[in-house]
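Inside the fold
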Amino acid sequence: MRTRVFVFFLTCFVLAGCTTRTVPEDFPATAASAPSSSISLKLPLKPKSVRFAVIGDSGTGNSAQFEVAREMEAYRQAVGFSFVLMLGDNIYGGDSPGDFVRKFEQPYKPLLDAGVNFYASLGNHDNPDESHYKLFNMGGERYYSFKKNDVAFFVLDSTYMSPKQLIWLEGELRNSNAVWKICYFHHPLYSDGKFHGPDLDLRSVLVPLFQKYGVNVVLSGHEHVYERLKPQNDIYYFILGNSGQLRFHNLRASDQMQVGFDTDQDFMLVEIDGDELHFQTISRTGVTIDSGVLQRQPRSASPAKSDQ
Ligand SMILES: [Fe+2]
């Protein structure tokens, strides 16, 4: 076990370009400079596929957030993704109009200018009034769903998981006949982060619904690291809570971990084509730290009655 742990952290260290930097606290003047690396695409870019990016715990306004955003824009030009999922803690600190500018509109300006839409979920550091911020596309709701071709997204407020929200979620899942069902929210149900760990109360109420209605993929943030878990109950789980924040060396070794990365900020690209989900996770410095393809799980006949 000791050897495996050493190899794991050595691998992450090497993949991160041997960086040992700490999170910078300075504020850059512009987000327009060139990315630090060349593009190395691991996605197939199939015609008519659904392509998007994922960020979490991003809203610091610090230089690392801008640097991740620059990599995102460089990859957008190659991939052509049209939307971004936000896994919560979108705006840290104050929530004045200036905070939205410094911690969202400026870092992601190239993406916004290109017409990319962001779909936010709320984290524990977010003011629920963010649901009314137009560029987060939440429609004034703390939890909501949307669909892109055959892929349905169910966005939850995991800070306040009320019975009303659970009833809403079950109805949405039951009535969806989407080929892929992706659920995302801030607090992870499974986690090897040392700082928080898994939210067992949430797990107890959400996993039964995910299993009953065939959720394929669950994305969360909150832990300021990246982790891809081995499938749990036949569901794929990712944690991506380090697009702005970072907790350096905050992952513990675990048998449930497939890949972990806790030495730099990152974001993830996803391309869904038929029964395949391709993913590529890219660091602040442009290094691909994880990639692969997930096969859609065989599900029993959908309980859906109509499209959502
Ligand atoms: Fe959080």
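Parameters and conventions
- Residues numbered from 1 in each chain as written.
- Predicted model: local features only at pLDDT ≥ 70, side-chain atom pairs only at ≥ 80, totals over all residues.
- Helix = DSSP H or I, 4+ residues; strand = E, 2+ residues; numbered from the N terminus.
- Buried ≥ 20, exposed ≤ 12 C-beta atoms within 10 Å, placed from the backbone.
- Contact = placed C-beta atoms within 7 Å.
- Expected span 1.5 Å × (residues − 1).
- Pairing = 2+ DSSP bridges.
- Axes fitted to C-alpha atoms, helices over the stretch in contact; angles between N-to-C directions.
- Core = buried A, V, L, I, M, F, W, Y, C linked by C-beta atoms within 7 Å.
- pLDDT = per-residue confidence, 0-100.

Let us now look at the overall build of the protein. Broken down by element type, the protein carries 6 helices and 13 strands. For the protein, buried positions account for 46% of its 308 residues. Once local pairs closer than 6 in sequence are excluded, the contacts in the protein between residues at least 24 apart make up 72%.

The next point concerns helix H2 (residues 63–79). Taking 1.5 Å as the rise per residue, H2 with 17 residues should run 24 Å; its terminal C-alpha atoms sit 24 Å apart, in good agreement. Counting buried residues along H2, 12 of its 17 residues qualify, which places the element largely inside the surrounding structure. Buried within H2 are the following residues: Ala64, Gln65, Phe66, Glu67, Val68, Ala69, Arg70, Glu71, Met72, Glu73, Tyr75 and Val79. The first or second residue beyond H2 is Gly80, which carries a positive phi of 75°.

Now for the sheet that holds strand E11 (residues 266–273). The strand order across the open sheet built from 6 strands is E3-E2-E1-E11-E12-E13, with neighbouring strands paired in mixed fashion. Taken across any chain shown, the strands that pair with only one partner, and hence form the sheet edges, are strand E3 (117–120) and strand E13 (288–295). Strand-to-strand twist across the sheet, computed as the mean angle between neighbouring axes with direction ignored, equals 20°. Bridge analysis of strand E2 (residues 83–86) against E3 gives 4 bridges, and the strand direction is parallel. Within the sheet, the bridge partner assigned to Phe83 lies in E3 and is Asn117. The strands that H2 touches are strand E1 (50–55), E11 and strand E12 (276–283); relative to E11, the one it contacts most, it runs at about 20°.

A separate point is the sheet that holds strand E7 (residues 217–220). The strand order across the open sheet built from 7 strands is E4-E5-E6-E7-E9-E8-E10, with neighbouring strands paired in mixed fashion. In the strand order of this sheet, the two ends are held by strand E4 (144–148) and strand E10 (257–261), each with one partner. Direction aside, the axes of adjacent strands within the sheet are offset by 15° on average.

We now examine the environment of Gln245. The topology assignment puts Gln245 in the loop between strand E9 (236–240) and E10. Note: C-alpha distance between Gln245 and Val225 (20 residues apart in sequence) is 8.4 Å. Setting aside residues up to four positions removed in sequence, Gln245 forms contacts with Asp57, Thr60 and His224.

What follows is about the nonpolar core. With 75 residues, the main nonpolar core has Ala53, Val54, Cys183, Tyr184, Val218, Leu219 and Leu269 as its most contacted residues. Here this core takes 7 residues from H2, the largest share from any one element. Residue contacts for Cys183: discarding those within four places in its chain leaves Phe154, Leu156, Phe210, Val215 and Val218.

This part takes up unusual backbone geometry. Here Asn137, not a glycine, exhibits a phi torsion of approximately 55°, which is positive. Structurally, Asn137 is set in the loop between E3 and E4. Of note, the phi angle at Asn233 is positive, near 50°, even though the residue is not glycine.

On the secondary structure map, Arg174 appears in helix H5 (residues 163–175). Using a count of 15 C-beta atoms within 10 Å as the deciding quantity, one classes Arg174 as partly exposed. Put simply, Arg174 and Tyr213 are 39 residues apart on the chain and 6.3 Å apart in space, counted from C-alpha to C-alpha.

A separate point is the confidence of the model for the protein. As a general rule, the predicted coordinates of low-pLDDT regions are not to be interpreted in detail. Taken residue by residue, the protein gives an average pLDDT of 88. The fraction at 70 or more is 85%. Note that pLDDT drops below 50 for residues 1–34; the model gives that stretch 44 contacts with residues more than four away or on any other chain. Between residues 301–308, whose pLDDT stays under 50, and residues either more than four places distant or in other chains, the model counts 17 contacts.

Burial analysis of E9 places 5 of its 5 residues in the buried class, the great majority of the element. Here E7 pairs with E9 via 4 bridges, running parallel. Pairing of Leu219 across the sheet is with Phe238, part of E9. As paired elements, strand E8 (residues 226–229) and E9 share 3 bridges and run antiparallel to each other. Across the sheet, the residue bridging to Arg228 is Phe238, located in E9. Between E8 and E9, which pair antiparallel in sequence order, lie 6 residues; one of them, Asn233, sits at a positive phi of approximately 50°.

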